[in-house]
Amino acid sequence: MRKIEENIFKFLMIGSTIIITSTLFMILYTIFSRGIGALNWDMISKIPEGGFYIGKGGGILNAIIGSIYITLGSTLLGLLVSIPIVIYINVYAKKNAALATITRLSFDILFGIPSIVYGAFGFAIMVYMGLKTSLLAGIITVTLMIIPILVRAIDEVVKVIPEDMSNAVYALGCTRYETAKIVLRQSIPGIITAILLSFGRAIGDAACVLFTAGFTDAIPTSFDQPAATLPLSIFFQLSSPIQEVQNRAYASAVVLTLIVLIISITAKITSKNLSKNKI
């Protein structure tokens, strides 16, 4: 009976792996087969010219720069908020199990909220404060969306650090602050993975920035100017009835995919190198 159950679950795991892998390759094939032909240097080096979305010249440089600005800004701001929260509930409030449980449950709930809700919430705050769509509004809203991802991902990494390590550090006379620094250092590879997850969510989201960052054909030069993003650029191009513009949308999707791929490879290499240097 055990052998039968083992074979059944083995079959399910193999089948799931094949389905997921096949889906990934189908997505990549669709994007690259339709997008590579439309991808050229002008697409990534120029901003849209007049009539770009009806088939005329220009590129998506504004959307590339805008996406990078918003993603990097929100990821950095999210880390500045998330790491202290994780350290507090795992080091300073470790004996208060109820507080840690409530905090984790709260972020689990926030994690499941759709991005469009974050966008609507950010828009409501903007209206209340009299702000307009801008790069800063987009960064703040995306930060709110990715903080639960960062907190829960980093928290899971910190929780698997052996408790004996913390006890040994305390036994040497270290303070909780010094213990927190050691725990943080041991969690660096996991933090990089959390950054990767949040980066992918931030750069690929359209609903969250639709109401807050806005859209523009120019590259923002200050925080109070609107900013274009690649997901919205893809959406607007796919909405066109012109085949050439639709192909450009797939080319934009190729650029977005390559950006995420480059970040993923860089993060993996960095995480591997840092893992060798952990104490």
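Source: prediction; values computed, not measured.

Peer 1: Now, about the overall build of the chain: what can you tell me, with residues and values included?
Peer 2: Within the chain, the secondary structure is distributed over 12 helices and zero strands. Beginning at the N terminus, the succession of helices and strands in the chain can be written as α-α-α-α-α-α-α-α-α-α-α-α. Out of the 279 residues belonging to the chain, those deemed buried represent 39%. Within the chain, contacts between residues separated by at least 24 positions form 74% of all contacts whose residues are at least 6 apart in sequence. Accessible area for the chain stands at about 15,500 Å²; split by element, carbon and sulfur atoms hold 71% of it.

Peer 1: Break down the nonpolar core for me, citing the residues and quoting the values.
Peer 2: Counting 26 residues, the largest nonpolar core has Ile 70, Val 142, Met 145, Ile 146, Ile 154 and Val 209 as the members making the most contacts within it. For this core, the secondary-structure elements that each account for two or more residues are helix 3 (61-92), helix 6 (135-159), helix 9 (188-203) and helix 10 (207-210). Looking at which element gives the most residues to this core, the answer is helix 6, with 11 residues. With 19 residues, the next largest nonpolar core counts Ile 31, Ala 249, Val 254 and Ile 259 among its residues.

Peer 1: Could you give me a rundown of the pattern of salt bridges, with the residues and numbers involved?
Peer 2: Following the criterion strictly, the structure yields seven salt bridges and no others. Glu 156 is paired through a salt bridge with Arg 152; the nearest N and O atoms lie 3.1 Å apart. With Glu 156 and Arg 152 both in helix 6 and four residues apart, this pair spans about one turn of that helix. Classification of Arg 152 by relative accessible area gives buried; the value is 14%. When the shortest N-O distance is used, the salt bridge between Lys 159 and Glu 156 registers 3.2 Å.

Peer 1: Give a description of the packing of aromatic side chains that names residues and reports values.
Peer 2: Overall, the coordinates contain seven aromatic pairs when judged by the stated rule. Between Phe 123 and Phe 211, the ring centres sit 6.1 Å apart and the planes meet at 55 degrees, which makes this aromatic pair tilted. With Phe 123 in helix 5 (residues 115-129) and Phe 211 in the loop between helix 10 and helix 11 (230-238), the pair connects residues that are 88 residues apart, well separated along the chain. By relative accessible area, which is 33% here, Phe 211 ends up partly exposed. Every member of this aromatic cluster is reached through a ring pair, and the members are Phe 52, Tyr 53, Phe 215, Phe 235 and Phe 236.

Peer 1: Could you give me a rundown of the side chain of Arg 104, with the residues and numbers involved?
Peer 2: Along the chain, Arg 104 turns up in helix 4 (residues 97-112). Not counting the four nearest positions on each side in its chain, Arg 104 is found in contact with Ile 89, Asn 90, Arg 152, Asp 155 and Lys 159.

Peer 1: Give me the lowdown on the packing of helix 3 against helix 11, citing residues and values where you can.
Peer 2: Packing of helix 3 against helix 11 leaves a shortest axis separation of 8 Å and a crossing angle of 145 degrees. Contacts from Ala 63, Ile 64 and Ser 67 in helix 3 reach Leu 230, Pro 231 and Ser 233 in helix 11. Considered class by class, the residues forming the contact of helix 3 with helix 11 number four nonpolar, two polar and no charged.

Peer 1: If you had to explain helix 9 to someone new, which residues and values would you point to?
Peer 2: Compared with an ideal rise of 1.5 Å per residue, which puts 16 residues at 22 Å, helix 9 spans 22 Å between its outermost C-alpha atoms and is within 8% of the ideal. Buried within helix 9 are the following residues: Pro 189, Gly 190, Ile 191, Ile 192, Ala 194, Leu 196, Ser 198, Phe 199, Ala 202 and Ile 203.

Peer 1: Any details on the environment of Glu 178? Residues and values, ideally.
Peer 2: Topologically, Glu 178 is positioned in helix 8 (residues 176-186). Residue classification places Glu 178 among the partly exposed residues on the basis of a relative accessible area of 33%. Spatially, the C-alpha atom of Glu 178 lies 38 Å from that of Ile 125, the residues being 53 residues apart in sequence.

What counts and how
- Residues numbered from 1 in each chain as written.
- Predicted model: local features only at pLDDT ≥ 70, side-chain atom pairs only at ≥ 80, totals over all residues.
- Heavy atoms only, no water.
- Helix = DSSP H or I, 4+ residues; strand = E, 2+ residues; numbered from the N terminus.
- Buried < 20%, exposed > 50% of the residue type's maximum accessible area, 1.4 Å probe, protein only.
- Contact = heavy atoms within 4.5 Å.
- Areas by Shrake-Rupley, 256 points an atom, 1.4 Å probe, with all protein chains shown as cover.
- Core = buried A, V, L, I, M, F, W, Y, C linked by side-chain atoms within 4.5 Å.
- Salt bridge = Lys/Arg side-chain N within 4 Å of Asp/Glu carboxyl O.
- Phe/Tyr/Trp six-rings, centres within 6.5 Å; stacked < 30°, edge-to-face > 60°.
- Axes fitted to C-alpha atoms, helices over the stretch in contact; angles between N-to-C directions.
- Nonpolar A, V, L, I, M, F, W, Y, C, P; charged D, E, K, R; others polar.
- Expected span 1.5 Å × (residues − 1).

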